[in-house]
Amino acid sequence: MSQCTQNTTEFIKSTFGPKVAVVASDDAESLCRQNGLTMVELLKPFSKLNTEFQIRDPTNTPHSIKGLHLSFSDPFKPAESVQVFKKLLNDDISNNFTPGNMAVNVKGYQVKQSCPWYEAFRELYFHYFQSQEHDSVMHYLACVIFVSASESDPIGRFQALTESVMKAPIKWVDNDMLCYHVLVHDQTKKTKTTADQLMQSLSTLYGPATCHLLRIHQKGSTDSETPGPNPWRQFARERIPGSDFVDTNALTLLQMAIEDESEGETAPVDPLGATASQSEEDQLGPNPLQAQGKQCGEKLTISDQSAIRSCINDFVVRGLLPFNERRMRALNEALNTRRGLRGTFFSATKKLFSTGPKPTPGKVPSNPGYLTDSPEILLRRLGDISFLLQHYTMAYNSYHSVKRDFQNDQAYNHYAAALEMTSLSLFMGSGTRREPHTYYEECINVYMNLCKSPLYAMRATLVHCECLISRGLFQSAAVGFIKMTNDEADLYSGLLLEQGAHCYVRMETPCLRKYAFHLVLAGHRYSKAGQRKHALRCYRNAWEIFKGKGWGLAENHIGFTIGRHSYNIRDIEGAYEAYKTLLTNDDTNVHVMHSQILFQKGVQDFVSVVQMYLQSQPDGTTIELPIPLVNFNKIDVSLFGTPHAGIVKQMNAFDKEKRQRIVELEEKAHVLMVGGPFFKPHQTAFSGDTLNLQRPICAINETVTILIPLRNPLQIPITLSNISLQCIHKDQGTTAEEEGRIAGKEQVSTSMLEQLVLAPEEDLVISLSVTPHQEGNLTIAALNYHLVSTKSVDPVNKDASVMENMIPGRISLFPKGPRLNNTKEQRVGEVYGVDNRLNLLVSPPLPRLEIDTSTVPSHLFCGEVKCAVIQATNRGAVALTNLCLATSHPHIAALGEVKLEPFNPIVHPTGGTYCHVIDQGHVKPSAARVNIPGDNLLQPGQTAYIAVWLYGGEEAGSFDLVTTLYYTTEQPVTGVSHRSVSGERRVSVTDSVTCESRVHSITPTSEEKLEMVGSVVVNNVGYYSVTLQDLNVTQLSLVSDRWIIQGLDCSIPLVVYPGASINIPFKAELTEQKSSYLSCVALGGGPLIRSAEDHVLDLYRRSDACYQSNKKVGNKEEGSDNTVYKMGMIVFWEGTVSEEGGRTRTLHAQHHTFVQAPLLPNPSQMLSLCLSYQGKWVTDFKRSPLLPVTVTLNMTNCYKGPVTVIVNANTTAGRSEGQKVPDTLPFIWSGMVRHRLELMDHVTTSIDLTAIFTQPGVYNINQISVEVEGEGGTLVPQVLHSVPLLRVDTL
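Note that the structure is a prediction, hence the values are computed from the model and not measured.

Peer 1: How do you make sense of the nonpolar core when you look at a structure like this?
Peer 2: The tendency in soluble globular proteins is for nonpolar side chains to be buried side by side. I12, F146, F315 and F387 are the most contacted members of the largest nonpolar core, which totals 146 residues. When residues in this core are grouped by element, the largest group, twelve residues, is from helix α10 (residues 302–338). Contacts of F387, omitting those with residues within four sequence positions, involve I12, F16, V137, Y392, A395, Y399, M421, L424 and S425. Ranked by size, the runner-up nonpolar core spans 92 residues in total, among them C727, A743, A872 and V898.

Peer 1: How should the sheet that holds strand β50 (residues 1228–1230) be read in this particular structure?
Peer 2: The pairing of strands in a sheet happens through backbone hydrogen bonds and is either parallel or antiparallel. Pairing within the open sheet is antiparallel, and its four strands lie in the order β46-β48-β52-β50. Pairing within the sheet leaves two strands with one partner each, and these edge strands are β46 (1167–1172) and β50. On average, adjacent strands in this sheet sit at an angle of 35° to one another, irrespective of strand direction. Summarising the sheet, β46 and strand β48 (residues 1187–1197) pair through six bridges and their orientation is antiparallel. Along β48, the bridge assignment pairs S1172 with T1192.

Peer 1: Just checking my understanding: could you explain the sheet that holds strand β34 (residues 943–951) for this structure?
Peer 2: Strands sit in the order β27-β29-β34-β31 across an open sheet of four strands; the sheet is antiparallel. Edge positions in the open sheet fall to β27 (849–852) and β31 (893–899), since each of these has one partner strand only. In this sheet, neighbouring strand axes are inclined to one another by 25° on average, regardless of whether the strands run parallel or antiparallel. Looking at chain direction, β31 and β34 are connected through five bridges and run antiparallel. Following the sheet pairing, A894 is matched in β34 by W949.

Peer 1: Any chance you could explain the packing of aromatic side chains here in plain terms?
Peer 2: The description of two aromatic rings rests on the distance between their centres and on the angle between their planes. All told, the structure shown has 23 aromatic pairs when counted by the stated rule. A centroid spacing of 5.9 Å and a plane angle of 80° characterise the contact between F46 and W232, whose relative ring orientation is edge-to-face. Of the two residues, F46 is situated in the loop between α3 (39–43) and β2 (48–49) and W232 in the loop between β11 (211–216) and α8 (250–263); the sequence distance between them amounts to 186 residues. Accessibility assignment for this pair places F46 and W232 in one class, buried. Its end group placed over the ring of F11, R122 keeps NZ or CZ at 4.0 Å from the ring centre. Sitting above the plane of the Y567 ring, R570 keeps its charged end 5.3 Å from the centroid.

Peer 1: Honestly, the state of the cysteines in this entry has me stumped. Any pointers?
Peer 2: Each disulfide is one covalent bond, formed between the sulfur atoms of two cysteines. Enumeration over the complete set of coordinates arrives at zero disulfides. Unpaired in terms of disulfides, C465 finds its nearest cysteine sulfur in C503, a separation of 6.6 Å. Residue C465 is classed as buried on the basis of its relative accessible area, which comes to 0%.

Peer 1: What's the story with the environment of T438 in this structure? I'm lost.
Peer 2: Positionally, T438 belongs in helix α15 (residues 437–450). Note on T438: relative accessible area 51%, which makes it exposed. For T438 and L419, which are 19 residues apart along the polypeptide, the C-alpha to C-alpha distance reads 9.3 Å.

Peer 1: In this structure, what is going on with the environment of A460? I would like to understand it.
Peer 2: Here A460 lies in helix α16 (residues 454–470). Overall, A460 belongs to the buried group, its relative accessible area being 0%. A sequence separation of 20 residues divides A460 from Y440, and the C-alpha atoms of the two residues are 7.3 Å apart. Once you skip the residues sitting within four places of it in the chain, A460 turns out to touch E420, Y440, C443, I444 and Y447.

Peer 1: Would you take a moment to explain helix α6 (residues 154–167) for this structure?
Peer 2: Think of an α-helix as turning once every 3.6 residues; residues three or four places apart then point the same way. Between its first and last C-alpha, α6 extends 20 Å over 14 residues, near the 20 Å set by a 1.5 Å rise per residue. Within α6 the residues assigned to the buried category are P154, F158, L161, T162 and V165. Projected down its long axis, α6 shows its buried positions confined to an angular sector of 100°, all on one face.

Peer 1: Sorry if this is basic, but what is going on with the pairing of strand β30 (residues 880–887) here?
Peer 2: It is a general feature of regular strands that their side chains alternate between the two faces of the sheet. Counted residue by residue, β30 has seven buried out of eight residues, so it is predominantly covered. In terms of strand pairing, β30 meets strand β33 (residues 927–929) through three bridges, oriented antiparallel. By the bridge assignment for β33, A886 is matched with A927.

Peer 1: What should I look at first to understand the pattern of salt bridges in this one?
Peer 2: Pairing between side chains of opposite charge can happen when the charged atoms of each approach one another. Under the definition given, this model contains 28 salt bridges. Of the charged contacts in the structure, one is a salt bridge between R327 and D176, with a shortest N-O distance of 3.8 Å. Here R327, found in helix α10, pairs with D176, found in the loop between α6 and β10 (178–186); they are 151 residues apart in sequence, far enough to count as distant. For the salt bridge of R1102 with D1098, the shortest nitrogen-to-oxygen distance reads 3.1 Å.

Peer 1: Sorry, what's going on with unusual backbone geometry here?
Peer 2: A negative phi angle is the norm for most residues apart from glycine, just as the trans form is the norm for most peptide bonds. Even without a glycine there, the phi angle at K452 is positive, about 55°. Positionally, K452 belongs in the loop between α15 and α16. On the accessibility criterion, K452 (48% relative accessible area) is partly exposed. Positive phi is not limited to glycine here, since N882 has a value of about 55°. Turning to its location among the elements, N882 is positioned in strand β30. Judged by its relative accessible area of 29%, N882 falls in the partly exposed class.

What counts and what doesn't
Residues numbered from 1 in each chain as written. Predicted model: local features only at pLDDT ≥ 70, side-chain atom pairs only at ≥ 80, totals over all residues. Heavy atoms only, no water. Core = buried A, V, L, I, M, F, W, Y, C linked by side-chain atoms within 4.5 Å. Buried < 20%, exposed > 50% of the residue type's maximum accessible area, 1.4 Å probe, protein only. Helix = DSSP H or I, 4+ residues; strand = E, 2+ residues; numbered from the N terminus. Contact = heavy atoms within 4.5 Å. Pairing = 2+ DSSP bridges. Axes fitted to C-alpha atoms, helices over the stretch in contact; angles between N-to-C directions. Phe/Tyr/Trp six-rings, centres within 6.5 Å; stacked < 30°, edge-to-face > 60°. Lys NZ or Arg CZ within 6 Å of the ring centre and 35° of its normal. Disulfide = S-S within 2.5 Å. Expected span 1.5 Å × (residues − 1). Arc of directions from axis to C-beta. Salt bridge = Lys/Arg side-chain N within 4 Å of Asp/Glu carboxyl O.

Bear in mind that shape data such as this cannot, by itself, settle questions of function.
See below:
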């Protein structure tokens, strides 16, 4: 329950205070009406007496009375209509809308504790509440008769009014009641002597203790006394002229009002409807005394107020208290006299032998009809007078005794009233002792179930819950409030539910969710009762609890209702905020069907709210809209775009490693071209994954592409139209504090997306572009669009649609930088860095290079050499210079020719010479200067064709080839040192051949020169590939500083079939003059290739073979004392490649091998060994289970003298160390498997061996041991190099 201005004790004293009937003559009432008051209203401000009074109880014990509160009312006031009461009740609650300033912090939420509308309802409820026969404590205790002294016969008027009071059907606490007579004297009309004489006559007739002279001095033109504070202002309320707030049938009026509220309407009223029924207000019309409320009592002076207060004080001291003190003694004596046998024997037998029927729920038992002088009534009367005079102990004893008699007599109305007063007496007189709440709970149950009196149950609940709250029992109070709600009285139920919610939040452990839930229920009942402001207040307070807690369905319902109520009361800003939050609620756990209906209405209402708001704004005004959602940190900005507006399927993922490679290539090119240590990379892409400290720099008329991710959080599709970007332009030289202006067509051109439909919960990425036309600062500030709520079919063109209810809106774009975590303040709070991706710096015209890398092959064979012609076109407005090419794999890419027109370079041109003197240095540059023909300038619109030679390398695999072109502008521009553009291509390399060069011997010739004999083994390892065919070795080129290869007589083509190998012998002579020689020998009778061509030699210089051969001659290798010669061998070969569509092409390739020639022979290389056999066999093992294959072992003695050779099959001793071969199936050798023979120097011989295979598969033939018998009989094993696998297939 909320905090009230009165505490519980004051509330009970004012509610159950002595009720005094006020009867006034016409002249006395006329005197009051001159001040805009009735007689009851004249006395009301002075009804609470702060004086402490003393009385003595029947035992002559003194008892104090503090804070006595009298209740004055007119017993003859006519009843008012139900419509009047309903209007008063609704107006009281509506006018007390603003809560007080009293707020409590509950778990971080500010909860208002004051509810003045509830106090106004409670006061009006008790004011109109008229008691019935059994509720005697609310009957009149005394009567005060007012007669004006200006009447013709005041004494006769007193007698007539007294007689009418005695005969009127007025309910009294005691039949012997007090009548107090007040003579009202207006000193402006008669003299003081006349009033005093009338007072003496009155005292003689009625006694001085029951008479009083009230002198009223009204303000006149000659009066010097000024009016004091007006105590009647706080009691002034709207009312019908000439009426008070009391009527004889008030209880019936309350009941009729509730029934009329629940049953009087023939059709249900939409609580969220746009208009409320005003029929009652129209029938009543404007209040004629509403304007006069400020003038009530203003003519009465301070002396008049003191006289009225003295009159009431005399009434209490001289009349009310002494009279009721005597009545208490008389009742006590009467009860003691009537006690005796009735109170002992008869009551005991009645309790023991009573067999009356038990009460049936839902059926009200008939009251026994007690006489006015029956002991039960006398005892109840004694308790009432004791309670009204604040003697709570005597009142408790009386009520507690009589309630049992009422219960036994099945007088349940009297029994419930006695229970209520018993609990109240115990509460008021118990001090700190906790009262038994079971009395009140039983009282409410009896009123509701047995007596069928919901109004009495409501009164008991209001008082009972107040008592519970004063004792801190908030949960019990909440249950009590909620139990009294029903489906008929919406206004009452809304008030009680709200008070129950406040009880939950005031508990020792606050229940915030229960508080919010019951506020929602209260808001719903308020809305059904037409109290939209109170309903809106409840929903907003509940929303503070529910929002952001994952209760999506509840949050959406509350937000939608708040928007509707705000819209209906024309709170456009509140409705906009509610719908905005509703439409941005991204909770996927809500019920789909409910959400679709809810969001459909929400979007339509939101559009209506925004349209109404825009009507009051200047033309062209846009409003911040909540849908769709934009992920600001995922906005991508790309320079060098094209004007475009559309939908992008997927955003480009930021590759940090790729970006780092590009920066490294750009830096290498910068160092090559400029040589300076200061380098700032040129950034062309900005996203949430990049460090956006520097601003994007774009030149005039260059297009910038912006990718914006959008999301529809709703369960329904939304339609957007006319989507574009809003830019803010600042002239160059303006400070950061100066505000820019919205850019027009003169400053920037923007693309527009005409229409976009976002499906429910769909994510889309749109692409928009801006093209600046003036220098300065350009900020992309917002996304402008039109939100379409409805779309209809064009009546003329049925296939077209017409947009309706479009509202212009925008979404401000403000991406955040990375969260800072350096200082303590940054770690504690949420501090973000600078993000300038949308703050463009527009520079003067600059060159802009575009490259086309489509000619870069996506597939190469190992050793293949292919030329890719990169097209570089200057799309800028000025010329560029200092062009430089950098690649991520410099060992496989070499720069070729550069021309300004298309051309087809030749891979391996013929017509070469036998020997060249070259530069043998090993180089692997990542960047190369590109010399543009002419003046080294690439003019706007001009295209440069750059040849880049690509080499397949020595190993198979795949890689990303990144190509970066670095360039600068012809005229320097501030802030722009250079620009760059990059391209990427995925290249895969497939196995083709492997080459291995070795030296067998170095011997002196007859001419005293050294001659080297070696061989090159070429293995075709592409036997799994069907695209590479007819592999032919065409040339050998030796790169050395001392050796020159000699020509061989070889006119037949050297074809290497798939899976086979070929051993190509060569000879070389040692020259006397040391230099860098490139000597060549053609094979197969073909022409000599110009191996000294730039790109051929450049690719060799980038190889590992060149690196190994450039080591100094005569160095000592680790673990060896032999002096070696190091050389490089280039093996040229060609092949035919089958492509898609049946086309074929000639493949040109070169392999680089490293040749190491020892001056002294290596013992393990005394023999040159080679196996010769057919690499592939096909047979039918069902017909012939054994497949014999002849394997020929060729042996050449490279030693200077004869050697003894021992050959042994079925072993693996001959396998080269570290040779990797796949696991193969076993086979057997047949025939003679062990041989011993003598081999003279430089003599070649062969041995035939037979291998037997029993099943298909792949076999390793390298299972032969070849050893040379050395000095002392030691055996030196010889190495058998590069033995290809043998494959056997079955039919």
